[in-house]
Amino acid sequence: MPRRPALPTRTVRWRFTALYGALFLLSGAGLLAIVNLMALGVRVTAPAGDPDPPQPTLTAALEHIGLLQARLSETEATQSRQLLAGSAVAFAVMAVLSVVLGRVVAGRVLRPLRTITAATRRISADNLHERLAVPGPADEVKDLADTVDELLERLEGAFAAQRRFVADASHELRTPLATMRASLDVAVAKPEPVPRQTLALADRLRTELDQVDRLLEGLLALARAQHGVLPDRAAVSLGRTVSAALDARAADIAAKGLTLHDGGVRDGAWTLGSPTLLARMTGNLVDNAIVHNQDGGWIRVAATADDANALLVVETGGRVLDREEVARLARPFQRLGPDRTGSGDGSGLGLSIVDAVVSAHGGRLELYARPEGGLRAAVSLPRAAASEDVPA
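No experiment lies behind these values; they were computed from the predicted model shown.

Student: Explain the pattern of salt bridges to me, please; I cannot follow it from the model alone.
Tutor: Opposite charge on two side chains permits pairing when their charged atoms draw close. For the structure on display, the rule yields ten salt bridges. The salt bridge partner of glutamate 315 is arginine 370, with a shortest N-O separation of 3.2 Å. Taken together, the residues span a long stretch of sequence, with glutamate 315 in strand β5 (residues 309-316) and arginine 370 in the loop between β6 (364-369) and β7 (375-382) at a distance of 55 residues. Note on glutamate 315: relative accessible area 13%, which makes it buried. Owing to a relative accessible area of 15%, arginine 370 belongs among the buried residues under this scheme. Overlapping salt bridges bring together Arg300, Glu315, Arg370, Glu372 and Arg376 as one network.

Student: Sorry if this is basic, but what is going on with the nonpolar core here?
Tutor: Looking at soluble globular proteins, one finds that nonpolar side chains tend to be buried together. Residues Leu238, Met281, Leu285, Leu312 and Val379 are the most contacted members of the largest nonpolar core, which totals 37 residues. For this core, the secondary structure elements donating two or more residues are α5 (238-248), α7 (275-291), β4 (298-305), β5, α10 (350-360), β6 and β7. The element that contributes the greatest number of residues to this core is α7, accounting for seven residues. What valine 379 contacts, discounting residues up to four positions off in sequence, is Met281, Leu285, Ala310, Leu311, Leu312, Val354, Val358, Arg364 and Leu365. Counting residues in each nonpolar core, the second largest holds ten residues, with Ile116, Ala119, Ala145 and Leu152 among its members.

Student: Explain the environment of arginine 376 here, please?
Tutor: Structurally, arginine 376 can be placed in strand β7. Exposure remark for arginine 376: the relative accessible area of 28% places this residue in the partly exposed category. Beyond its immediate chain neighbours, meaning those up to four positions away, arginine 376 contacts Val313, Val314, Glu315, Glu366, Leu367, Tyr368 and Arg370.

Student: Quick question: what am I supposed to make of the sheet that holds β6 here?
Tutor: Sheet strands associate in pairs through backbone hydrogen bonding, adopting either a parallel or an antiparallel arrangement. Taken in spatial order, the five strands make up an open sheet running β2-β4-β5-β7-β6, and their pairing is mixed. The outermost strands of the open sheet, each flanked by one partner alone, are β2 (259-265) and β6. When the angles between neighbouring strand axes are averaged without regard to direction, this sheet yields 10°. Sitting on the sheet, α5 is in contact with β2, β4, β5 and β7, with an inclination near 160° to β4. Sheet contacts for α10: β6 and β7; angle to β6, the most-contacted strand, approximately 140°.

Student: Can you help me understand the packing of α5 against α7 in this one?
Tutor: If you want to describe how two helices pack, look at the angle between their axes and the distance between the axes. α7 packs onto α5 with a crossing angle of 50° between their chain directions and a minimal axis gap of 9 Å. Taken together, the axes of α5 and α7 lie oblique to each other. The interaxial crossing formed by α5 with α7 has right-handed handedness. Counting all contacts with α5, which are made through Leu238, Thr241, Val242, Ala245 and Leu246, the residues of α7 involved are Leu278, Ala279, Met281, Thr282, Gly283 and Val286.

How each quantity is defined
Residues numbered from 1 in each chain as written. Predicted model: local features only at pLDDT ≥ 70, side-chain atom pairs only at ≥ 80, totals over all residues. Heavy atoms only, no water. Salt bridge = Lys/Arg side-chain N within 4 Å of Asp/Glu carboxyl O. Helix = DSSP H or I, 4+ residues; strand = E, 2+ residues; numbered from the N terminus. Buried < 20%, exposed > 50% of the residue type's maximum accessible area, 1.4 Å probe, protein only. Core = buried A, V, L, I, M, F, W, Y, C linked by side-chain atoms within 4.5 Å. Contact = heavy atoms within 4.5 Å. Pairing = 2+ DSSP bridges. Axes fitted to C-alpha atoms, helices over the stretch in contact; angles between N-to-C directions. Parallel < 35°, antiparallel > 145°, perpendicular 65-115°, else oblique. Left-handed = near helix turned anticlockwise from the far one by under 90°.

This is the structure we're talking about:
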């Protein structure tokens with residue numbers, strides 16, 4: 001049996017064709033209707049008869065015919081002007097109506113694309129598990145939404161694999177590090193005298209092992225923050241967290257001769273999140289201000305709040321920094337300038353961990369190169385009440 005021709009699927013192209021065809025038909029029908037209505041309003045009046053009976057002479061008949069032709073020409077000219085005016089009015093009306101209808105139809109057709117765009121913008125690295133799940137017929141818009149969902153699924157798998165690798169590698173490397181440290185202690189603790197060179201080498205190895213240990217700890221904290229899992233959520237006071245961080249590092253601040261300025265530490269700067277990660281965030285900001293500061297410099301710390309956000313600002317003095325380089329400091333293992341590259345006190349993950357913790361809490365980290373010199377790190381987190389209940 002002969003095969004039936006396949007019916008066209010309900011695609012966006014066919015919908016555009018049907019909509020635009022219908023609009024053109026409606027516009028043409030409306031234009032014709034208006035012109036015809038204007039034409040009906042034109043009355044062709046017959047010329048009034050001569051009250052005097054026409055004279056049966058040829059000259060009088062010709063004069064009467066000329067008069068009738070003049071009146072007919074004048075009537076046709078009047079009708080043409082009225083028809084032209086009616087057409088212009090009809091054109092103006094249909095132009096306005098077409099613009100309005102075109103805008104409405106375009107908004108209706110593009111509504112699924114706006115929905116896809118808004119949903120895609122809401123999805124970031126912290127909520128890759130969300131999907132567009134656009135309903136509707138199997139057309140181009142549906143195919144686009146499904147393609148974006150498949151892309152998000154692949155990205156989610158790649159991000160999860162990367163975070164698992166970092167966490168697993170950090171855990172696995174802790175065992176050989178502990179073994180190396182124990183072997184080093186056993187070798188140095190022998191009863192016979194240990195050469196001075198061996199002791200110096202052992203101290204150097206301990207220092208390097210401590211640095212690697214700090215690096216692994218930073219990688220673990222970074223992976224935990226990037227994973228976005230906050231099991232111990234509670235209301236946290238940034239003011240108290242800042243005070244605790246400064247008290248724990250008072251000796252380091254004094255050893256470097258730094259002057260600490262109070263920029264306004266308020267107890268009302270509360271946010272909702274993980275106390276452990278937020279304490280690590282605050283400690284990293286303070287450590288960054290101490291380690292990457294000049295001797296005899298200054299630090300200004302402020303923890304305040306407005307109607308919607310809890311704010312934490314840490315500023316330091318120093319040389320004038322390049323703004324483009326400062327913008328890259330939130331990336332892992334990024335340091336600034338020659339004074340930072342040789343620092344043995346940092347792992348290059350401090351501000352990366354801060355940025356990950358802030359993102360996991362729905363906040364924002366902004367780094368500024370102060371025009372007078374130095375760095376300004378500003379953290380903005382959603383504000384919460386001190387007695388706010390933690391959602392389940």
